[in-house]
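Tertiary structure, described
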Amino acid sequence: MKRISTSNAPAAIGPYSQAYITGSLLFTSGQIALDPVTGAVVGDTIKEQTEQVMKNLGALLDAAGSSYNQTVKTTCFLADMNDFAAFNEIYGKYFTEKPARSCVAVKTLPKNVLCEVELIAEV
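Our subject in this report is the structure included herewith. (Residues numbered from 1 in each chain as written. Predicted model: local features only at pLDDT ≥ 70, side-chain atom pairs only at ≥ 80, totals over all residues. Heavy atoms only, no water.)

In this structure the tally under the stated criterion is four aromatic pairs. Arranged with centres 5.2 Å apart and planes meeting at 55°, the rings of tyrosine 68 and tyrosine 94 form a pair that is tilted. In this pair, tyrosine 68 sits in the loop between α1 (46-63) and β4 (71-78) while tyrosine 94 sits in helix α2 (residues 84-94), placing the two residues 26 residues apart along the sequence. Ring plane angle 35° and centroid distance 4.6 Å describe the contact between tyrosine 91 and phenylalanine 95, whose orientation is recorded as tilted. (Phe/Tyr/Trp six-rings, centres within 6.5 Å; stacked < 30°, edge-to-face > 60°. Helix = DSSP H or I, 4+ residues; strand = E, 2+ residues; numbered from the N terminus.)

Spatially, β1-β2-β3-β6-β4-β5 is the arrangement adopted by the six strands of the open sheet, whose pairing is mixed. Unpaired on one side and paired on the other, β1 (2-4) and β5 (100-105) mark the two borders of the sheet. On average, each strand axis in the sheet is tilted by 15° relative to the strand beside it, whichever way the strands run. As paired strands, strand β3 (residues 25-28) and strand β6 (residues 115-122) are joined by three bridges and run antiparallel to one another. Residue pairing in the sheet places phenylalanine 27 in a bridge with isoleucine 120 of β6. (Pairing = 2+ DSSP bridges. Axes fitted to C-alpha atoms, helices over the stretch in contact; angles between N-to-C directions.)

With that settled, the discussion passes to the nonpolar core. Ranked by internal contacts, the top residues of the largest apolar core, which has 22 residues, are Leu26, Met54 and Phe87. When residues of this core are traced back to their parent elements, those giving at least two are β2 (19-22), α1, β4, α2 and β6. When residues in this core are grouped by element, the largest group, five residues, is from α1. The residues touching methionine 54, leaving out its near neighbours within four places in the chain, are Tyr68, Ile90, Tyr91, Tyr94, Phe95 and Val117. Formed by five residues, the second largest nonpolar core is a distinct cluster that contains Ile32, Leu34, Phe77 and Leu109. (Core = buried A, V, L, I, M, F, W, Y, C linked by side-chain atoms within 4.5 Å. Buried < 20%, exposed > 50% of the residue type's maximum accessible area, 1.4 Å probe, protein only. Contact = heavy atoms within 4.5 Å.)

Right, let's get into the side chain of serine 66. On the secondary structure map, serine 66 appears in the loop between α1 and β4. Side-chain polar atoms of serine 66 contact the backbone oxygen of glutamate 122, separated by 2.5 Å. Look past the residues within four positions of serine 66 in its chain and what remains in contact with it is Leu61, Ala121, Glu122 and Val123. (Polar contact = N/O pair within 3.5 Å; in protein donor to acceptor, adjacent residues only side chain to side chain.)

Below, the discussion takes up α1. The end-to-end C-alpha separation of α1 is 26 Å, in line with the 26 Å expected for 18 residues at 1.5 Å each. In terms of burial, α1 is a largely internal element, 13 of the 18 residues being buried. Looking one or two places after α1, you find glycine 65, whose phi comes out positive at around 80°. (Expected span 1.5 Å × (residues − 1).)

Right, here's the structure in full:
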């Protein structure tokens, strides 16, 4: 296994790693809308926060030598399923190859953000 760590994505806010490669697969921890430099939540709307989540995932994909198009599975967590359409609008700009996906509503996310996404990708 190889741990992936980059300053271009937010540092872990708990006892976990940003991502790992095992075999030919990248597994990321869930990414929320944090600025990698300040650690502050970026944006107040689902669209703004989803954009930041995608940037954070992109940084991890890049650090691992992978890409959005090599993503095979995502798991998405929304604080409010009423945000589903707006979330999908941004998500779809990045995941054009349409990986397998689960999307669920949860009661609360870290730092009270509106969404969190983790992924598995080929490297």
